[in-house]
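Residues per chain, in single letters:
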Amino acid sequence: MASITLNNLVKKYGDGFPAVNDISIDIADGEFIILVGPSGCGKSTLLRMIVGLEDITDGDLLIDGKRVNDKAPRERNLAMVFQNYALYPHLTVYENIAFPLRLAKGKHSEEQVDKLVTEAASTLELTDHLQRKPANLSGGQRQRVAMGRAIVRQADAFLFDEPLSNLDAKLRGQMRSEISQMQRRLGVTSVYVTHDQTEAMTLGDRVAVLKKGELQQIASPRELYEQPINLFVAGFIGSPSMNFLPATVEGNTLKTVLGDLAITPEKAAKAAGKRVVLVGVRPEFFEDAKLVEDSKRGHGSTFTASLTHTEWLGNEQYGYITFDPAPEVRELLNNLARDMDADELRPQIVVTLDAASRIRGGREAEIWLDTRKLHLFDPETGENLTRDAAAGAALTEEANEERAEEIANAQGHSPQDSDRSRQGSASESPDSAEAPRSAGSADAGSAGGATAAGGGKHTAG
Amino acid sequence: MTDNSTKNKVLWTVVTVLVLIYALFPVVSILATSFKSPSDLTSGKFLPSSGTATTSNYEQILVGNAQDLFLSALRNSIGISLIATFIAVVLATLCAYAIARLDFPGKKLILTTALAVSIFPVISIVTPLFNLWRTIGLYDTWLGLIIPYLSLTLPISIWTLAAFFRQIPWELEQAAQVDGATTWQAFRKAIVPLAAPGVFTTAIIAFFIAWNDFVYGISLTSTEAARPVPAALAFFTGASQFEAPTGAISAAAIIVTIPIVLLVLLFQRQIVSGLTSGAVKG
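Predicted model only: the values in this text are computed from it and were never measured.

1. Topic: the overall build of chain B
A count of helical and extended segments in chain B gives eleven helices and zero strands. What you see in chain B, going N to C, is helices and strands ordered as α-α-α-α-α-α-α-α-α-α-α. A compact globule built from 282 residues would reach a C-alpha radius of gyration of about 19 Å, whereas chain B, at 24 Å, exceeds it by more than 25%. Principal-axis analysis of the C-alpha atoms gives chain B an extent of 75 × 70 × 30 Å.

Take a look at the structure:
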């Protein structure tokens, strides 16, 4: 069990291109961190730097406070699950799992090896397959063997490099919950690379969003969703993604293609001085005006629009409204789409409607929009003008407490008795939710990480 | 559908039989000739005339008067080819591994040079080599043949093995390193077992090349000290100067084919590829 600290990590390749640029993250003991971003954002490189398969150009990597920049992978005591499993095809499942134990010569007797492998195999339900070769296993089984190889040794942390991307959707969901439960049970610090939103949101205690080698924001999934720091994070997190509408601010009113939207004076004040802003609206902020309860109606604005088509999914339905933005806004939206790995963004608005709604494509319809949770973005810098940092930090803090509790529950301890080990790994100061923090604030740590650290300590005993 | 597949089968059978006849006819012809008596050689028939089939040709080269010439040549061929193969495979394994895995300056140069060496006509370097070897005392020695054989076997070994190493997922080695292996352990425990079929295949190819060489064999040797079989065959003589040594040469040719056939049969199982399946998502 260990904490991992990344201090201003930089990775430059031969051509001087920074694949990873000045990334600082404090990973507390027992924490589950997700690195997410579009392809080419440097998330896998960062993971490989942590495990030691990639040299660190600049910055410090600390495991449990000790600098490990120059240590070989085998000296770092980390376990890694590779995207394509990397099983040894000439060895049986048993020997594959036992491989790390056999390498640590003299540390384990034959009985100990047998005991550890059998334990790991039963945890992963591989007992029946121990004598088979990897070639004869299904994708899910191979994946579990790869996990078995990681959990069989007492590694300080688990690193996952898109471990589920080769599985089919159903198996992926199943393995996802297994990984989540296993991580809580073992209380092991974990770093998990993925490009899958669902994995990022469901598994992570905190999620680090990367773009072109730079850390955009690291926060709990809820904070990312509700208080994104910029256009990129707002657009990347959430599916279907956030809609961005160009608007001009006049007093407390936003003039948009959908019509006038009333916003609070505080929000309007934050956008003061900007000629044009981008309004970020999540699809679920919309509703069929006919189905909105009267008590809620006052919190939003109603407008009429014609949907091009709707998609009924059973529990809800999506409607699509196309609009024609000004050329410079279109350019901006296209750039954003490119950043997010998507094809050219069609200037359309996705609205989520109640499944009972009778609105259909091609007809004029009244749609209500909840304006309370709107965000306003600066179209030039992409910065979120209306982000409430304190509310965001509170969400992340909440997630931290939940984690401590979950680990304690999974291990059969109450969270209270972990208080004595508060010396803990510095992490999550309230402002660590703010994107790349300065190196100096590392010691501004608060209870959040330390409590969790305590929760993790118990596994060692 | 059924019609089609039956047609296909027949077609393939016919093609296979044709290719087999084309490839094996000379071998069978030599085999038949090796059992002919000297007087029967010019009979114009494919098989020895009935009643005259004889093993005298084999006796001649194995226990008879051509024994010295042939047996020492066989010994030379086996020894020189095995040593050349062994050195080539060891060097090529290390070289190919470096080429497949590492990024170092001059990597392209090595591959290009290897290719250039292998397409360089043997006959054009044999004369300078003959002079050089005589000067430095390597003429008519085993080493004097092993070195030129390495120049023939190394390039092809490097190319085959590099291609083979590239197929082995790099993650395996990285996984081993993360699991606690040193670089050498990762190579030995994760890569070598997977590379074994490739190494065997390469070894057999290299052995064939060394075994079949004629130009170096005849130019760089003068006595039984180092002369290999292909060169020795040229020195066979008949019982008298009016008698062609065709029978003895045929018998020797059959005998030198046997080790090759044995090798292939022996390592057939190792040569099967596809051993890497299951390492990564297939």
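Let's pick the thread back up.
2. A few points about the overall build of chain A
A count of helices and strands for chain A gives 13 helices and 21 strands. Looking at chain A residue by residue over its 461 residues, the buried ones come to 46%. A sequence separation of at least 24 residues applies to 71% of the contacts in chain A between residues at least 6 apart.

3. Observations regarding the interface of chain B and chain A
The interface of chain B with chain A comprises 22 residues on the first partner and 25 residues on the second. Every element with two or more residues in the side of chain B that touches chain A is listed here: α7 (170-178) and α8 (183-212) of chain B. With six residues, the single largest contributor to the side of chain B that touches chain A is α7(B).

4. Some points on the nonpolar core
Judged by nonpolar contacts, the single largest core of 150 residues is most densely connected at L35(A) and A208(A). Two domains each put at least three residues into this core: domain 1 (4-224 + 393-426) and domain 2 (228-385) of chain A. Apart from the residues within four sequence positions on either side, L35(A) is in contact with K43(A), L46(A), L47(A), V191(A), V193(A), A208(A) and L210(A). If you look at the next biggest cluster of nonpolar residues, it comprises 14 residues, including A248(B), I249(B), A252(B) and V256(B).

5. So, the sheet that holds strand β20 (residues 364-370) of chain A
Residue and element names in this part refer to chain A. Strands sit in the order β15-β20-β16 across an open sheet of three strands; the sheet is antiparallel. The outermost strands of the open sheet, each flanked by one partner alone, are β15 (286-288) and β16 (300-306). Neighbour-to-neighbour, the strand axes of this sheet turn through a mean angle of 35°, independent of strand direction. Bridge count for β15 against β20 is three bridges, and the pairing is antiparallel. Bridge pairing links F286 to L369 in β20.

6. Focus on the sheet that holds strand β19 (residues 348-354) of chain A
Residue and element names in this part refer to chain A. Strands sit in the order β17-β18-β19 across an open sheet of three strands; the sheet is antiparallel. Looking along the sheet, the strands with just one partner apiece sit at the ends: β17 (309-312) and β19. Across the sheet, the mean angle from the axis of one strand to that of its neighbour is 20°, orientation sign disregarded. Here four bridges tie β17 to strand β18 (residues 316-322), and the two strands are oriented antiparallel to one another. Each bridged residue has a counterpart across the sheet, and for E311 the counterpart in β18 is Y318.

7. Overview of the pairing of strand β13 (residues 259-262) of chain A
All names here are of chain A. In this sheet, β13 lies alongside strand β12 (residues 253-256) in antiparallel orientation, the contact comprising four bridges. Across the sheet, T256 pairs through a bridge with G259, a residue of β13. The hairpin turn running from β12 into β13, its antiparallel successor, is two residues long.

8. Quick word on the packing of helix α2 (residues 93-103) of chain A against helix α3 (residues 110-123) of chain A
Residue and element names in this part refer to chain A. Orientation of α2 relative to α3, taken along the N-to-C sense of each, is 125°, at an axis distance of 10 Å. In terms of orientation, α2 and α3 fall into the oblique class. With respect to the hand of their crossing, α2 and α3 are arranged in right-handed fashion. Contact residues: α2 offers Y94, I97, A98 and L101, while α3 offers V113, L116, V117, A120 and A121. Broken down by class, the residue content of the contact of α2 with α3 amounts to nine nonpolar, no polar and no charged.

9. Some words on the domain arrangement of chain A
Residues and elements named next belong to chain A. Parsing chain A into structural domains produces domain 1 (4-224 + 393-426) and domain 2 (228-385). Summarising the inter-unit geometry, the C-alpha centres of domain 1 and domain 2 are found 37 Å apart. Contacts between the two partners involve eight residues from domain 1, matched on the other side by eleven residues from domain 2. Only β9 (206-211) and β10 (214-219) provide two or more residues apiece to the side of domain 1 that touches domain 2.

10. A look at the confidence of the model for chain A
Averaged over every residue, the pLDDT of chain A is 83; residues scoring 70 or more account for 88%. Scored below 50 in pLDDT, residues 414-461 of chain A shows 109 contacts in the model against residues more than four places distant or in partner chains.

11. Remarks on the packing of helix α3 (residues 67-101) of chain B against α8(B)
Relative placement of two packed helices is described by the angle separating their axes and the distance separating the axes. All names here are of chain B. Here α3 crosses α8 at 140°, and the two axes come no closer than 9 Å. When the interaxial angle is binned, α3 and α8 end up oblique. Of the two elements, α3 crosses α8, and the hand of that crossing is right-handed. Touching S77, I80, S81, A84, T85, A88, V89, A92 and T93 of α3 are V199, T202, A203, A206, F207, A210 and W211, all from α8.

12. Let's talk about unusual backbone geometry
Residue and element names in this part refer to chain A. Residues S239 and P240 are joined by a peptide bond in cis, for which omega reads -5°. Note on placement: P240 falls in the loop between α8 (231-236) and β11 (243-250). Of note, D22 is a non-glycine position whose phi angle comes to about 55°, a positive value. Positive phi outside glycine occurs at D64, with the angle close to 55°.

Rules used in this analysis
Residues numbered from 1 in each chain as written. Chains lettered and ligands numbered in written order. Predicted model: local features only at pLDDT ≥ 70, side-chain atom pairs only at ≥ 80, totals over all residues. Helix = DSSP H or I, 4+ residues; strand = E, 2+ residues; numbered from the N terminus. Rg over C-alpha atoms; globule rule 2.2 N^0.38 Å. Buried ≥ 20, exposed ≤ 12 C-beta atoms within 10 Å, placed from the backbone. Contact = placed C-beta atoms within 7 Å. Core = buried A, V, L, I, M, F, W, Y, C linked by C-beta atoms within 7 Å. Domains from an automatic or database assignment. Pairing = 2+ DSSP bridges. Axes fitted to C-alpha atoms, helices over the stretch in contact; angles between N-to-C directions. Parallel < 35°, antiparallel > 145°, perpendicular 65-115°, else oblique. Left-handed = near helix turned anticlockwise from the far one by under 90°. Nonpolar A, V, L, I, M, F, W, Y, C, P; charged D, E, K, R; others polar. pLDDT = per-residue confidence, 0-100.

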